[in-house]
Amino acid sequence: MSRWLDRIWGRMVVVFGMVCCVTALVVGSALPASAATAVGSPSMSVSSHSVGATQVNYTVKFVATTALTPASTIALTGPVGTVFAPTAGCSPYIVSNLTVHATNGCLSASASGNNAVITYGLNAAAGNTVSVTANAVTNASSTGVQNMVVSTSSDTTPVNLPFTLSASSAVTGGSVVLSSHAATATNVSYSVSFTATNAMTANYSTITLVAPAGTTFAPTNGCGPYRVQDDTTGGATGCLSAAVSGGGATVAVVMPVNAGVGDHVSIVANAVANRTTSGPGTLAFSTSSDPKLVALKFKLKGKTAVKFAGLHVTSTAATATAVTYSVRFTAVSGLTAGFSTITLAAPTGTTFSPISGCGPYRVSDDSTGQATSCLAALVSNGGATVTVTTPVSVGTGDLVSIDANAVSNKATAGANNVTFSTSSDPKTVALSSTLTAPTAVGSAGLTLTSNVHSATNVTYSVSFVATNALSAGFSTITLAAPAGTTFGPTSGCSPYFVSDVSTNLATSCLAAVVSNGGAMATITLPMDVGTGDIVNVTVTGVTNASGTGAQTLNVSTSSDPVAAGVPYSLT
């Protein structure tokens, strides 16, 4: 009997236990919250693994386990000592949904030390691949294995992404070339090339040059004088701005193009002023990704001057106008197109032409054949000094010519010495010449197709010998007839014809400036005329003066300004 009761009691205990357990399961299934999730398949790239590197790019990729909305956030926590950039202006944070090819930059973020929380600003479904880029990060100062921790407001479980930082790195193969090694030289180009040990990011990474005290890098006004090129990829940008500090001796240029690990990079700093003392110097050099300084040695010598300089003046007559001053020289130091300058300083009373439209200045590298005219220039010292920026690059030892057209000679005869220098060879060279008293053309003659007073459509043919040379496009011939004579205006094919009989060069349909009631015509020469050349001027459609008897036609040129009177008579 007792055995039977034991069996009944045991079954009741089992049943009771089962009921309790089922009840507990049913009630318990509704109580706990869902377990926190983590992002999937995380990975990370770092542009520079050097401790102390700045402007570093950290890019993290992962798969969103849980969907993200524009209001969602991504949190990054770097090693102690890491500094994420604050968000000022367009912030340096970029996010992408790589699955749907959507990107958003300049994002709102909260950055403090080694923590950054970035607002996503996009939608991402569960399973989408997401990336977040933090630019302008400063690496921690400890070497060895580090961890970047990533989570999102949807996948809150932190995930560690290990990476390694190494000792402070330097670029390799650094070299520097100066266009001029002359102390006090200005508008010098400092060209630095190197191989990047760590990658650099466009618009964030920087290149810094620290020159000896007394060197002055150019500030950036308008198109900055800095240029950077990745020689490996060909990517290049000029007109770059830069931050100049250290009394002008330090410049930091923001990288305009991406440069990968091992890429060969060049930076050119134009318009640099060398220090005033000669001797050895060191250009310290680094990048934000490779912050260890590299010392680049160079040496400055004393002030240099150009060699074999000579001056030719088309007219040595005092008071002559539209004169061409031509200087030819050999460059001891190189010149950089768009920056280096050439300066001529003539005696007081000389007037170099100001710039209006096509400037009257021309520079040619005769060694390479490169030349440019219509150049602008800076005229100073009451007109007696002109500084021309070279439009072509000139190598050391190249033969160079500069023409300053439309110059007015001083009014007094005697020494007419011109000093000459370049920004790369700043020691002045004295170029001697002598002015004579004002001159007149020689052997002037005149024939008319009609000598009847008041006759119309008359052709005047004038001939003379040039005492001083004339320059095409600048020098002028002036015919001054008696009052009442009327030279034709220049409309369409104008009635003026000039020929250099000595060279068989001729041009018709020339324009002229008619003045003095029609009795004076000034013609700009269409060709060069040498000293002693015979020149003919033919003018058609002239109306003779109304008076009869002896008349005089005065002939002069801008190079021979004294009027030569040619007698004729009207009946």
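Fair warning: this is a prediction, and the values are worked out from it, not measured in the lab.

What's the story with the overall build of the protein in this structure? I'm lost.
Along the backbone of the protein there are one helix and 42 strands. By the compact-globule yardstick of 25 Å for 571 residues, the protein is too spread out, its C-alpha radius of gyration being 41 Å. Summarising its shape, the C-alpha atoms of the protein cover approximately 175 × 60 × 35 Å along the three principal directions. Counting only residues that meet the buried cut, the protein has 46% of its 571 residues in that class. For the protein, the share of sequence-separated contacts (at least 6 apart) that also reach a separation of at least 24 residues comes to 70%. Considering the protein, the positive charge centre built from 16 side chains and the negative charge centre built from 15 side chains are found 19 Å apart.

Help me understand the confidence of the model for the protein, please; the structure alone is not making it clear to me.
If pLDDT is low for a region, its predicted coordinates should not be looked at in detail. Confidence in the prediction for the protein averages 93 pLDDT; 94% of positions are at 70 or higher. Below pLDDT 50 for its whole length, residues 1-33 participates in zero contacts with residues either more than four positions away or in separate chains.

Explain the nonpolar core to me, please; I cannot follow it from the model alone.
Most often, soluble globular proteins have nonpolar side chains that are buried together. Residues Ile207, Phe217, Tyr226, Leu283 and Phe285 are the most contacted members of the largest nonpolar core, which totals 36 residues. Taken together, the elements giving at least two residues each to this core come down to strand 11 (172-178), strand 12 (188-195), strand 13 (206-210), strand 14 (226-230), strand 17 (250-254), strand 18 (264-272), strand 19 (279-287) and strand 20 (294-300). Top element by residues in this core is strand 18. It accounts for five residues. By size, the runner-up hydrophobic cluster in this structure holds 35 residues, among which are Val46, Ala53, Leu107 and Ala124.

Could you clarify how one ought to interpret unusual backbone geometry in this entry?
What is expected of a backbone is that most residues other than glycine have negative phi and most peptide bonds are trans. A positive phi angle, near 60 degrees, is found at Ala136, a position not held by glycine. With respect to the helices and strands, Ala136 occurs in strand 8 (residues 129-137). Look at Ala136 and you get buried, because its relative accessible area is 16%. In this structure, Asn516 is a non-glycine residue whose phi angle is positive, near 55 degrees. Along the polypeptide, Asn516 turns up in the loop between strand 38 (512-515) and strand 39 (520-524). The class of Asn516 is exposed, set by a relative accessible area of 56%.

Looking at this structure, I do not really get the sheet that holds strand 8. What am I missing?
Pairing between sheet strands relies on hydrogen bonds along the backbone, with the strands arranged either parallel or antiparallel. Judged by pairing direction, the sheet is antiparallel, and its five strands sit side by side in the order 1-2-8-4-5 without closing on themselves. At either end of the open sheet lies a strand with only one pairing partner, and these are strand 1 (40-46) and strand 5 (102-104). Ignoring which end each strand starts from, the neighbouring axes of this sheet average 15 degrees apart. Alignment of strand 4 (residues 93-97) against strand 5, held across three bridges, turns out to be antiparallel. Each bridged residue has a counterpart across the sheet, and for Val95 the counterpart in strand 5 is Asn104.

What is the right way to look at the state of the cysteines in this model?
The bond known as a disulfide is covalent and runs between the sulfur atoms of two cysteines. For the structure shown, the criterion picks out four disulfides. Between Cys90 and Cys106 runs a disulfide, and the two sulfur atoms are separated by 1.6 Å. Judged by the sign of its S-S torsion, about -80 degrees, the bond between Cys90 and Cys106 is left-handed. Separated by 16 residues along the polypeptide, Cys90 in the loop between strand 3 (73-77) and strand 4 and Cys106 in the loop between strand 5 and strand 6 (109-112) bring together distant segments of the chain. The residue that forms a disulfide with Cys223 is Cys239, at a sulfur-sulfur distance of 1.8 Å. Residues Cys223 and Cys239 share a disulfide whose torsion about the S-S bond is about -85 degrees; that sign makes it left-handed. Here Cys223 is found in the loop between strand 13 and strand 14, whereas its partner Cys239 is found in strand 15 (residues 236-240), with 16 residues between them in sequence. The connectivity of the disulfide-linked cysteines in the protein, indexed sequentially, is 1-2, 3-4, 5-6, 7-8.

I'm lost on the environment of Thr250 in this one. Help?
Along the polypeptide, Thr250 turns up in strand 17. By relative accessible area, which is 17% here, Thr250 ends up buried. When the C-alpha atoms of Thr250 and Phe285 are compared, they prove to be 9.9 Å apart, with 35 residues separating the residues in sequence. Dropping the residues within four chain positions of it, Thr250 is found in contact with Thr208, Leu209, Val210, Phe217, Ala243, Val244 and Ser245.

I'm lost on the pairing of strand 2 (residues 56-63) in this one. Help?
Successive residues of a regular strand alternate their side chains across the two faces of the sheet. Within strand 2, six of the eight residues are buried, which leaves it mostly tucked inside the rest of the structure. Relative to strand 2, strand 1 runs antiparallel, the two being bridged by five bridges. Across the sheet, Met44 pairs through a bridge with Val60, a residue of strand 2.

Mind showing me how you'd approach the sheet that holds strand 37 (residues 505-507) here?
Ordered in space as 33-34-40-36-37, the five strands form an open sheet in which the pairing is antiparallel. Two strands lie at the open edges of the sheet, namely strand 33 (442-448) and strand 37, each paired on one side alone. Averaged over all adjacent pairs, the angle separating strand axes in this sheet is 10 degrees, with direction ignored. Direction of pairing for strand 34 (residues 458-465) relative to strand 40 (residues 534-542): antiparallel, over a ladder of seven bridges. If you follow Val462 over to strand 40, its bridge partner there is Val537.

It is not clear to me how the pattern of salt bridges should be interpreted in this structure. Could you clarify?
For side chains bearing opposite charge, pairing can occur when the charged atoms are close. All told, the structure shown has one salt bridge when counted by the stated rule. Where Asp366 meets Arg328, a salt bridge forms, and the shortest distance between an N and an O atom there is 3.1 Å. Placement of Asp366 in the loop between strand 24 (361-365) and strand 25 (370-375) and of Arg328 in strand 22 (residues 323-330) is noted, with a sequence separation of 38 residues between them.

Explain the side chain of Asp500 to me, please; I cannot follow it from the model alone.
In this fold, Asp500 is placed in strand 36 (residues 496-500). Although buried, Asp500 forms no salt bridge, and the nearest oppositely charged side chain, Arg362, lies 18 Å from it. Residues in contact with Asp500, not counting those within four places in the same chain, are Leu505, Met527, Asp528, Val529, Gly530, Asp533 and Ile534.

Help me understand the packing of aromatic side chains in this model?
Given two aromatic rings, their pairing is described by the distance between the two centres and the angle made by the two planes. Evaluation of the coordinates by the stated rule reveals eight aromatic pairs. Consider the rings of Tyr190 and Phe217, whose centres lie 6.1 Å apart with planes at 70 degrees: the pair is edge-to-face. Here Tyr190, found in strand 12, pairs with Phe217, found in the loop between strand 13 and strand 14; they are 27 residues apart in sequence, far enough to count as distant. Here the two residues Tyr190 and Phe217 agree in accessibility, since each one is buried. Between the aromatic rings of Phe329 and Phe420, the centroid separation amounts to 4.9 Å while the plane-to-plane angle is 55 degrees, which identifies the pairing as tilted. Here the residue Phe329 occupies a position in strand 22, and Phe420 occupies one in strand 30 (residues 418-422), the gap between them amounting to 91 residues. Comparing Phe329 with Phe420, the two get one shared label, buried. Here the aromatic residues Tyr190, Phe217 and Phe298 are joined through ring pairs into a cluster of three or more.

Reading the values: the criteria
Residues numbered from 1 in each chain as written. Predicted model: local features only at pLDDT ≥ 70, side-chain atom pairs only at ≥ 80, totals over all residues. Heavy atoms only, no water. Helix = DSSP H or I, 4+ residues; strand = E, 2+ residues; numbered from the N terminus. Rg over C-alpha atoms; globule rule 2.2 N^0.38 Å. Buried < 20%, exposed > 50% of the residue type's maximum accessible area, 1.4 Å probe, protein only. Contact = heavy atoms within 4.5 Å. Lys, Arg positive; Asp, Glu negative; His and termini not counted. Charge placed at Lys NZ, Arg CZ, Asp CG, Glu CD. pLDDT = per-residue confidence, 0-100. Core = buried A, V, L, I, M, F, W, Y, C linked by side-chain atoms within 4.5 Å. Pairing = 2+ DSSP bridges. Axes fitted to C-alpha atoms, helices over the stretch in contact; angles between N-to-C directions. Disulfide = S-S within 2.5 Å. Salt bridge = Lys/Arg side-chain N within 4 Å of Asp/Glu carboxyl O. Phe/Tyr/Trp six-rings, centres within 6.5 Å; stacked < 30°, edge-to-face > 60°.

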